[in-house]
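Now for the letters of each chain:
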Amino acid sequence: MNNSSANERLPRLLALVPYLLARPGIPVEEAAADFEVTPRQLRKDLELLWMCGLPGYGPGDLIDLSFEGDTITVVFDAGMSRPLRLTAAEATALLVALRALGETPGIADQAAVRRAVAKIEAAVGKAQPAGVAVGLGLREAPETTPVRDAVSDGVRRGRALRLRYYTPSRDEITDRVVDPMRMLLVDGRNYLEAWCRTADDVRLFRLDRIDRVVVLDEAATPPSHATPTDTSEGLFQPDSSQRTAVLVLEPDGRWIAEYYPVEDVTELGEGRMRVRMRYADTAWMVRLLLGHGGEVSVERPAELVAAVTRQAEAALRRADHLPATGPQGG
(Lines give C-alpha, C1' and ligand atoms only; values in the text may rest on other atoms or scores of the structure.)
Protein backbone atom coordinates (compact mmCIF):
# COMPACT_ATOMS: atom_id res chain seq x y z
CA MET A 1 0.00 0.00 0.00
CA ASN A 2 1.61 3.27 -1.05
CA ASN A 3 1.47 6.40 1.04
CA SER A 4 -1.28 7.98 -1.01
CA SER A 5 -3.61 5.00 -0.60
CA ALA A 6 -2.75 4.82 3.12
CA ASN A 7 -3.70 8.47 3.54
CA GLU A 8 -7.04 7.79 1.87
CA ARG A 9 -7.68 4.49 3.62
CA LEU A 10 -7.30 5.58 7.24
CA PRO A 11 -10.13 8.17 7.16
CA ARG A 12 -12.27 5.62 5.32
CA LEU A 13 -11.67 2.96 7.99
CA LEU A 14 -12.52 5.42 10.76
CA ALA A 15 -15.73 6.39 9.01
CA LEU A 16 -16.84 2.87 8.11
CA VAL A 17 -18.03 1.66 11.51
CA PRO A 18 -20.40 4.57 12.30
CA TYR A 19 -21.57 4.44 8.67
CA LEU A 20 -22.39 0.73 8.90
CA LEU A 21 -23.95 1.08 12.36
CA ALA A 22 -26.44 3.54 10.88
CA ARG A 23 -27.18 1.18 7.95
CA PRO A 24 -27.42 -2.42 9.19
CA GLY A 25 -27.67 -4.92 6.36
CA ILE A 26 -26.48 -2.52 3.67
CA PRO A 27 -25.30 -4.21 0.43
CA VAL A 28 -21.54 -4.19 -0.07
CA GLU A 29 -21.85 -2.59 -3.50
CA GLU A 30 -23.96 0.28 -2.13
CA ALA A 31 -21.50 0.98 0.69
CA ALA A 32 -18.60 0.80 -1.74
CA ALA A 33 -20.30 3.29 -4.02
CA ASP A 34 -20.86 5.70 -1.12
CA PHE A 35 -17.13 5.56 -0.27
CA GLU A 36 -16.15 5.73 -3.96
CA VAL A 37 -14.13 2.50 -3.85
CA THR A 38 -14.59 -0.87 -5.49
CA PRO A 39 -16.47 -3.65 -3.63
CA ARG A 40 -13.17 -5.57 -3.60
CA GLN A 41 -11.42 -2.67 -1.84
CA LEU A 42 -14.27 -2.34 0.64
CA ARG A 43 -14.04 -6.03 1.51
CA LYS A 44 -10.29 -5.55 2.14
CA ASP A 45 -11.12 -2.65 4.45
CA LEU A 46 -13.63 -4.79 6.33
CA GLU A 47 -11.09 -7.58 6.70
CA LEU A 48 -8.72 -5.06 8.29
CA LEU A 49 -11.44 -3.69 10.57
CA TRP A 50 -12.02 -7.22 11.79
CA MET A 51 -8.56 -7.14 13.33
CA CYS A 52 -9.13 -3.85 15.18
CA GLY A 53 -10.60 -3.41 18.61
CA LEU A 54 -9.93 -2.79 22.26
CA PRO A 55 -6.68 -3.49 24.18
CA GLY A 56 -6.47 -7.15 24.94
CA TYR A 57 -7.35 -7.86 21.33
CA GLY A 58 -8.88 -11.20 22.19
CA PRO A 59 -12.29 -12.66 21.39
CA GLY A 60 -14.91 -10.15 22.45
CA ASP A 61 -12.51 -7.22 22.13
CA LEU A 62 -12.37 -6.93 18.34
CA ILE A 63 -14.86 -5.36 15.96
CA ASP A 64 -17.26 -8.06 14.75
CA LEU A 65 -19.05 -7.94 11.42
CA SER A 66 -21.75 -10.15 9.99
CA PHE A 67 -21.99 -10.95 6.28
CA GLU A 68 -25.29 -12.30 4.99
CA GLY A 69 -25.20 -12.71 1.27
CA ASP A 70 -23.75 -9.47 -0.02
CA THR A 71 -24.82 -7.38 2.99
CA ILE A 72 -22.89 -6.17 6.02
CA THR A 73 -23.96 -5.60 9.62
CA VAL A 74 -21.84 -4.51 12.57
CA VAL A 75 -22.35 -7.04 15.38
CA PHE A 76 -19.87 -5.48 17.85
CA ASP A 77 -18.43 -1.98 17.39
CA ALA A 78 -15.72 -2.19 20.12
CA GLY A 79 -16.96 1.04 21.64
CA MET A 80 -16.65 3.18 18.52
CA SER A 81 -20.26 4.35 18.91
CA ARG A 82 -19.60 5.69 22.41
CA PRO A 83 -18.95 9.43 22.71
CA LEU A 84 -15.31 10.32 23.26
CA ARG A 85 -14.55 11.00 26.91
CA LEU A 86 -11.26 12.56 27.90
CA THR A 87 -9.73 13.03 31.31
CA ALA A 88 -8.40 16.51 32.11
CA ALA A 89 -4.85 15.30 31.53
CA GLU A 90 -5.77 13.69 28.20
CA ALA A 91 -7.61 16.82 27.06
CA THR A 92 -4.67 19.01 28.03
CA ALA A 93 -2.18 16.81 26.19
CA LEU A 94 -4.40 16.76 23.13
CA LEU A 95 -4.88 20.54 23.15
CA VAL A 96 -1.15 21.15 23.49
CA ALA A 97 -0.40 18.83 20.58
CA LEU A 98 -3.12 20.34 18.39
CA ARG A 99 -2.03 23.91 19.07
CA ALA A 100 1.56 23.05 18.26
CA LEU A 101 0.37 21.43 15.05
CA GLY A 102 -1.79 24.44 14.25
CA GLU A 103 1.19 26.77 14.60
CA THR A 104 3.18 24.81 12.05
CA PRO A 105 2.33 25.89 8.53
CA GLY A 106 2.10 23.38 5.75
CA ILE A 107 1.76 20.23 7.81
CA ALA A 108 -1.95 19.96 8.44
CA ASP A 109 -5.26 21.53 7.49
CA GLN A 110 -5.02 24.39 9.98
CA ALA A 111 -8.73 25.22 9.72
CA ALA A 112 -9.54 21.62 10.68
CA VAL A 113 -7.05 21.82 13.57
CA ARG A 114 -8.68 25.02 14.84
CA ARG A 115 -12.13 23.40 14.66
CA ALA A 116 -10.86 20.39 16.60
CA VAL A 117 -9.34 22.65 19.27
CA ALA A 118 -12.58 24.59 19.57
CA LYS A 119 -14.62 21.39 19.99
CA ILE A 120 -12.30 19.99 22.65
CA GLU A 121 -12.24 23.28 24.55
CA ALA A 122 -16.02 23.42 24.45
CA ALA A 123 -16.27 19.83 25.64
CA VAL A 124 -14.01 20.38 28.62
CA GLY A 125 -15.52 23.71 29.61
CA LYS A 126 -13.19 26.14 27.87
CA ALA A 127 -10.33 24.61 29.78
CA GLN A 128 -6.91 26.09 29.16
CA PRO A 129 -3.87 24.00 30.00
CA ALA A 130 -2.77 25.63 33.22
CA GLY A 131 0.82 26.73 33.22
CA VAL A 132 1.45 25.47 29.72
CA ALA A 133 2.91 27.77 27.10
CA VAL A 134 2.36 26.30 23.68
CA GLY A 135 5.03 27.02 21.15
CA LEU A 136 7.41 25.16 18.96
CA GLY A 137 10.52 27.04 20.02
CA LEU A 138 11.83 26.59 16.48
CA ARG A 139 10.30 29.12 14.15
CA GLU A 140 10.36 28.73 10.42
CA ALA A 141 12.85 31.04 8.73
CA PRO A 142 11.33 33.35 6.08
CA GLU A 143 13.43 31.76 3.32
CA THR A 144 11.97 28.34 4.16
CA THR A 145 8.39 29.46 3.48
CA PRO A 146 8.53 29.23 -0.35
CA VAL A 147 10.29 25.84 -0.04
CA ARG A 148 7.58 24.57 2.27
CA ASP A 149 4.83 25.86 -0.03
CA ALA A 150 6.37 24.17 -3.08
CA VAL A 151 6.95 20.89 -1.24
CA SER A 152 3.38 20.93 0.12
CA ASP A 153 2.10 21.53 -3.40
CA GLY A 154 4.08 18.57 -4.72
CA VAL A 155 2.86 16.28 -1.93
CA ARG A 156 -0.74 17.40 -2.33
CA ARG A 157 -0.81 16.98 -6.11
CA GLY A 158 1.39 13.87 -6.19
CA ARG A 159 4.15 15.42 -8.30
CA ALA A 160 7.86 14.62 -8.38
CA LEU A 161 10.23 17.28 -7.05
CA ARG A 162 13.69 18.39 -8.10
CA LEU A 163 15.69 19.40 -5.01
CA ARG A 164 19.00 21.11 -4.36
CA TYR A 165 19.83 19.80 -0.89
CA TYR A 166 22.57 20.33 1.67
CA THR A 167 23.69 17.24 3.60
CA PRO A 168 25.63 18.39 6.68
CA SER A 169 27.07 14.96 7.55
CA ARG A 170 28.94 14.99 4.23
CA ASP A 171 29.15 18.75 3.89
CA GLU A 172 27.90 18.60 0.32
CA ILE A 173 25.15 20.01 -1.85
CA THR A 174 23.47 17.65 -4.30
CA ASP A 175 20.77 17.87 -6.94
CA ARG A 176 18.27 15.06 -6.97
CA VAL A 177 14.76 14.13 -8.10
CA VAL A 178 12.47 12.65 -5.47
CA ASP A 179 8.97 11.15 -5.31
CA PRO A 180 7.22 12.73 -2.28
CA MET A 181 5.51 10.42 0.20
CA ARG A 182 4.54 12.69 3.11
CA MET A 183 5.55 15.66 5.28
CA LEU A 184 6.41 15.26 8.94
CA LEU A 185 6.79 17.52 11.93
CA VAL A 186 9.37 16.12 14.37
CA ASP A 187 10.81 18.07 17.29
CA GLY A 188 9.47 21.29 15.80
CA ARG A 189 11.14 20.80 12.42
CA ASN A 190 9.50 20.13 9.07
CA TYR A 191 10.67 17.21 6.94
CA LEU A 192 9.80 15.81 3.56
CA GLU A 193 9.88 12.03 3.32
CA ALA A 194 10.36 10.88 -0.24
CA TRP A 195 11.75 8.20 -2.49
CA CYS A 196 15.12 9.50 -3.65
CA ARG A 197 15.91 8.34 -7.18
CA THR A 198 19.62 9.03 -6.63
CA ALA A 199 19.91 6.99 -3.45
CA ASP A 200 17.31 4.46 -4.68
CA ASP A 201 15.83 4.49 -1.19
CA VAL A 202 13.53 6.42 1.14
CA ARG A 203 15.11 9.59 2.50
CA LEU A 204 14.12 12.40 4.88
CA PHE A 205 14.85 15.96 3.79
CA ARG A 206 14.77 18.78 6.32
CA LEU A 207 12.97 21.67 4.69
CA ASP A 208 15.38 24.33 5.96
CA ARG A 209 18.23 22.46 4.21
CA ILE A 210 16.51 22.50 0.82
CA ASP A 211 18.18 25.28 -1.13
CA ARG A 212 15.91 25.08 -4.15
CA VAL A 213 12.84 23.04 -5.11
CA VAL A 214 10.98 22.71 -8.39
CA VAL A 215 7.64 20.92 -8.74
CA LEU A 216 7.86 18.76 -11.88
CA ASP A 217 5.03 17.91 -14.25
CA GLU A 218 5.60 14.16 -13.90
CA ALA A 219 3.64 12.17 -11.34
CA ALA A 220 5.35 11.04 -8.13
CA THR A 221 5.73 7.27 -8.28
CA PRO A 222 7.43 5.92 -5.15
CA PRO A 223 7.83 2.13 -5.54
CA SER A 224 5.40 -0.13 -3.72
CA HIS A 225 8.11 -1.27 -1.29
CA ALA A 226 8.86 2.32 -0.19
CA THR A 227 7.58 2.40 3.39
CA PRO A 228 7.31 5.45 5.67
CA THR A 229 9.90 5.75 8.40
CA ASP A 230 8.85 4.58 11.86
CA THR A 231 9.43 7.67 14.02
CA SER A 232 7.97 6.19 17.21
CA GLU A 233 11.48 5.80 18.70
CA GLY A 234 12.96 8.95 17.27
CA LEU A 235 13.67 10.23 13.82
CA PHE A 236 17.21 8.95 13.51
CA GLN A 237 18.10 5.38 14.31
CA PRO A 238 21.62 4.18 15.03
CA ASP A 239 23.53 3.13 11.94
CA SER A 240 26.18 0.49 12.60
CA SER A 241 28.28 1.88 9.76
CA GLN A 242 28.68 5.24 11.53
CA ARG A 243 31.20 6.12 14.22
CA THR A 244 30.33 7.93 17.43
CA ALA A 245 32.08 10.91 18.95
CA VAL A 246 31.69 12.17 22.50
CA LEU A 247 31.79 15.96 22.44
CA VAL A 248 31.70 18.67 25.06
CA LEU A 249 29.90 21.79 23.87
CA GLU A 250 30.61 25.15 25.44
CA PRO A 251 27.67 27.58 25.78
CA ASP A 252 28.38 29.17 22.38
CA GLY A 253 28.52 25.74 20.77
CA ARG A 254 25.20 24.41 22.08
CA TRP A 255 23.55 25.15 18.77
CA ILE A 256 25.34 22.10 17.36
CA ALA A 257 23.05 19.88 19.44
CA GLU A 258 20.07 21.60 17.83
CA TYR A 259 21.41 21.52 14.29
CA TYR A 260 22.77 17.95 14.17
CA PRO A 261 21.23 14.75 15.54
CA VAL A 262 22.87 13.95 18.89
CA GLU A 263 22.28 11.38 21.62
CA ASP A 264 22.81 11.08 25.36
CA VAL A 265 22.71 14.79 26.10
CA THR A 266 24.13 15.54 29.57
CA GLU A 267 24.09 19.00 31.10
CA LEU A 268 27.43 19.81 32.74
CA GLY A 269 26.45 23.10 34.33
CA GLU A 270 27.24 26.71 33.40
CA GLY A 271 25.73 26.15 29.96
CA ARG A 272 28.04 23.32 28.92
CA MET A 273 26.84 19.93 27.73
CA ARG A 274 28.23 16.55 26.74
CA VAL A 275 26.69 14.77 23.74
CA ARG A 276 27.23 11.71 21.58
CA MET A 277 27.19 12.48 17.88
CA ARG A 278 27.34 10.00 15.00
CA TYR A 279 29.36 10.72 11.90
CA ALA A 280 30.15 8.90 8.70
CA ASP A 281 33.18 10.82 7.47
CA THR A 282 36.15 11.53 9.76
CA ALA A 283 37.49 14.34 7.56
CA TRP A 284 34.15 16.13 7.76
CA MET A 285 34.03 15.68 11.54
CA VAL A 286 37.54 17.09 11.93
CA ARG A 287 36.60 20.15 9.85
CA LEU A 288 33.49 20.67 11.96
CA LEU A 289 35.45 20.50 15.22
CA LEU A 290 38.32 22.71 14.07
CA GLY A 291 35.88 25.23 12.64
CA HIS A 292 34.47 25.90 16.08
CA GLY A 293 37.71 26.35 17.95
CA GLY A 294 37.22 26.30 21.69
CA GLU A 295 33.43 26.01 21.47
CA VAL A 296 33.67 22.24 21.01
CA SER A 297 36.13 19.64 22.31
CA VAL A 298 36.22 15.94 21.56
CA GLU A 299 36.69 13.32 24.30
CA ARG A 300 36.34 10.10 22.26
CA PRO A 301 37.21 8.22 20.14
CA ALA A 302 40.99 8.40 20.48
CA GLU A 303 41.57 8.31 16.72
CA LEU A 304 39.35 11.37 16.26
CA VAL A 305 41.18 13.19 19.07
CA ALA A 306 44.47 12.35 17.35
CA ALA A 307 43.20 13.50 13.95
CA VAL A 308 41.98 16.82 15.33
CA THR A 309 45.28 17.33 17.17
CA ARG A 310 47.34 16.61 14.03
CA GLN A 311 45.31 19.00 11.91
CA ALA A 312 45.46 21.74 14.55
CA GLU A 313 49.24 21.38 14.98
CA ALA A 314 49.75 21.43 11.21
CA ALA A 315 47.69 24.60 10.99
CA LEU A 316 49.80 26.22 13.71
CA ARG A 317 53.03 25.26 11.93
CA ARG A 318 51.75 26.81 8.72
CA ALA A 319 50.71 29.92 10.62
CA ASP A 320 54.27 30.34 11.95
CA HIS A 321 55.42 31.16 8.43
CA LEU A 322 52.81 33.82 7.84
CA PRO A 323 53.82 37.46 8.11
CA ALA A 324 52.54 39.23 11.19
CA THR A 325 49.40 41.25 10.46
CA GLY A 326 48.70 42.68 13.90
CA PRO A 327 49.53 46.18 15.10
CA GLN A 328 53.25 46.84 15.23
CA GLY A 329 54.80 47.68 18.55
CA GLY A 330 56.58 51.06 19.00
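Residues numbered from 1 in each chain as written. Predicted model: local features only at pLDDT ≥ 70, side-chain atom pairs only at ≥ 80, totals over all residues. Heavy atoms only, no water.

J.: Where do I start with the sheet that holds strand β5 (residues 172–186) in this structure?
T.: Strands belonging to one sheet form pairs held by backbone hydrogen bonds; the direction of such a pair is parallel or antiparallel. If you walk across this open sheet you meet the 5 strands as β7-β6-β5-β4-β8, and the pairing is antiparallel. Since the sheet does not close on itself, it has two edges, and those belong to β7 (201–206) and β8 (210–219), each with one partner. With direction set aside, neighbouring strand axes in the sheet form an average angle of 45 degrees. Strand direction decides the pairing type here: strand β4 (residues 159–167) and β5, joined by 7 bridges, are antiparallel. Its bridge partner being in β5, tyrosine 165 is matched across the sheet by threonine 174. Running at roughly 25 degrees to β8, helix α6 (residues 144–157) makes contact with β4, β5, β6 (189–196) and β8 of the sheet. (Pairing = 2+ DSSP bridges. Helix = DSSP H or I, 4+ residues; strand = E, 2+ residues; numbered from the N terminus. Axes fitted to C-alpha atoms, helices over the stretch in contact; angles between N-to-C directions. Contact = heavy atoms within 4.5 Å.)

J.: Before we go on, may I ask you to explain the side chain of aspartate 179 in this structure?
T.: Turning to its location among the elements, aspartate 179 is positioned in strand β5. The exposure class of aspartate 179 is buried, given its relative accessible area of 2%. Within the local environment of aspartate 179, its side chain forms a polar contact with the side chain of arginine 197, the two groups lying 2.7 Å apart. Setting aside residues up to four positions removed in sequence, aspartate 179 forms contacts with Ala160, Ala194, Trp195, Arg197, Ala219, Ala220, Thr221 and Pro222. (Buried < 20%, exposed > 50% of the residue type's maximum accessible area, 1.4 Å probe, protein only. Polar contact = N/O pair within 3.5 Å; in protein donor to acceptor, adjacent residues only side chain to side chain.)

J.: Would you mind showing me how to read the pattern of salt bridges here?
T.: Under the defined criterion, the tally for this structure stands at 18 salt bridges. A salt bridge links arginine 206 to aspartate 208; its shortest N-O distance comes to 2.8 Å. Put simply, Glu263, Asp264, Arg276 and Arg278 are held in one network by salt bridges that share partners. (Salt bridge = Lys/Arg side-chain N within 4 Å of Asp/Glu carboxyl O.)

J.: It is not clear to me how helix α8 (residues 282–290) should be interpreted in this structure. Could you clarify?
T.: Because an α-helix completes one turn every 3.6 residues, residues spaced three or four positions apart along the sequence face the same direction. Buried within α8 are the following residues: Trp284, Met285, Val286, Leu288 and Leu289. Contacts made by the buried residues of α8 are with β9 (243–249), β11 (272–279), β12 (296–300) and α9 (302–320).

J.: Hey, could you run me through the pairing of β6 in this one?
T.: Along any regular strand, the residues point their side chains to alternate faces of the sheet. Of all 8 residues in β6, 8 are buried; the element is thus mostly enclosed. Residues Arg189, Tyr191, Glu193 and Trp195 point to one face of β6 and Asn190, Leu192, Ala194 and Cys196 to the other, with burial holding for every one of them. In the sheet, β5 pairs with β6 via 8 bridges, with the strands oriented antiparallel. What sits directly across from leucine 184, in β6, is tyrosine 191. Two elements, β6 and β7, share 6 bridges in a ladder whose sense is antiparallel. Its bridge partner lying in β7, alanine 194 is registered against arginine 203. With antiparallel pairing between neighbouring strands as the criterion, β6 and β7 make up a hairpin whose turn holds 4 residues, including aspartate 200 at a positive phi of roughly 55 degrees.

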